[in-house]
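Understanding the architecture of this molecule
For reference, the chains in residue letters:
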Amino acid sequence: QVQLVESGGGLVQPGGSLRLSCAASGSIFRINDMGWYRQAPEKQRELVATITRGGSTTHADSVKGRFTIFRDNAKNTVYLQMNSLKPDDTAVYLCNADIRVRMTSPSVGFWGQGTQVTVSS
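This write-up is about the structure you can find in this document. (Residues numbered from 1 in each chain as written. Predicted model: local features only at pLDDT ≥ 70, side-chain atom pairs only at ≥ 80, totals over all residues. Heavy atoms only, no water.)

Brief notes about the nonpolar core
Spelled out, the test is: Nonpolar cores are built from buried Ala, Val, Leu, Ile, Met, Phe, Trp, Tyr and Cys residues. Side-chain atoms within 4.5 Å join them into one set. Burial classification: accessible surface area is computed with a 1.4 Å probe over protein chains only, and a residue below 20% of its type maximum counts as buried, one above 50% as exposed, and the rest as partly exposed. Per the convention used, a helix needs a DSSP run of H or I reaching at least four residues, while a strand needs a run of E reaching at least two, with both numbered from the N terminus. Contacts are residue-level and defined by heavy atoms, with any inter-residue pair within 4.5 Å sufficient.
W36, V48, F67, V78, L80, M82 and Y93 are the most contacted members of the largest nonpolar core, which has 29 residues in total. Secondary-structure elements contributing two or more residues to this core are β1 (2-7), β3 (18-26), β4 (30-39), β5 (46-51), β7 (67-72), β8 (77-82), β9 (91-100) and β11 (115-119). Examining the composition of this core, we find that 5 residues originate from one element, β9, more than from any other. If we skip the residues at most four places from it in the chain, V78 touches L20, S21, C22, M34, W36, I51, I69, F70, R71 and C95.

In structure tokens form, the structure reads like this:
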């Protein structure tokens, strides 16, 4: 069984920073792409950033220059460094990972439970 556990969310003032972490554990052969999504109340889930196993990244236009995704393959962990936070960044942030549980298994998407980020003065 595979679990993704996010941490690092909280309340921060506008202009502040937070670093989110998402650690994968359980029966894992290989983790391919990993990513962060966010969902604000009454809004659709939004892709924030993705990173391949080799380290290639994409970031949504709304966070470019402020957020950075990176990962530690040895720790099966993906991070999201968030700087210059704005009230519009307030949302539940969810981690996603494409994981092969065995060498012969196809890649399957797993989700974490989410961590709340609130940007407010």
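A short note on the pairing of β8
Put simply, the rule is: Pairing between two strands is assigned when DSSP locates at least 2 bridges connecting them.
Extensive coverage of β8 is indicated by the burial of 6 of its 6 residues. Alternating residues of β8 divide into T77, Y79 and Q81 and V78, L80 and M82, and every residue in both groups is buried. In the sheet, β3 pairs with β8 via 6 bridges, with the strands oriented antiparallel. When the bridges of β8 are listed, L18 appears paired with M82. Two successive antiparallel strands, β7 and β8, enclose a turn made up of 4 residues, where N76 displays a positive phi of approximately 50°.

Let's talk about the side chain of T77
This is how it is decided: Whenever a nitrogen or oxygen atom comes within 3.5 Å of another N or O atom, the pair is scored as a polar contact, on the condition that within protein one atom can donate a hydrogen and the other can accept it, and that pairs from neighbouring residues in sequence are kept only if both atoms are in side chains.
Here T77 shows up in strand β8. A polar atom in the side chain of T77 sits 2.8 Å from the backbone oxygen of K75.

Examining unusual backbone geometry
A positive phi angle, near 65°, is found at E42, a position not held by glycine. Along the chain, the position of E42 falls in the loop between β4 and β5. Overall, E42 belongs to the exposed group, its relative accessible area being 87%. Backbone geometry places N76, a non-glycine residue, at a positive phi of 50°.

Side note on the sheet that holds β8
In plain terms, the rule: Each axis is a line fitted through C-alpha atoms, and for a helix only the stretch in contact is used; angles between axes span 0 to 180 degrees, taken between their N-to-C directions.
Read from one edge to the other, the open sheet built from 4 strands follows the order β1-β3-β8-β7, with strand pairing classed as antiparallel. In this open sheet, the two edge strands, each paired with only one partner strand, are β1 and β7. Strand-to-strand, the axes of this sheet are offset by a mean angle of 15°, without reference to chain direction.

Some remarks on the pattern of salt bridges
Basically, it comes down to this: In the sections that follow, a salt bridge refers to a side-chain nitrogen of Lys or Arg positioned within 4 Å of a carboxyl oxygen of Asp or Glu.
All chains considered together, the criterion is met by 4 salt bridges. One salt bridge connects D89 with R38, and the closest N-O pair in it is separated by 2.9 Å. Placement of D89 in the loop between β8 and β9 and of R38 in strand β4 is noted, with a sequence separation of 51 residues between them. When the shortest N-O distance is used, the salt bridge between K64 and D61 registers 3.2 Å. Here the two residues K64 and D61 agree in accessibility, since each one is exposed.

By themselves, these observations are geometric and do not establish any function.
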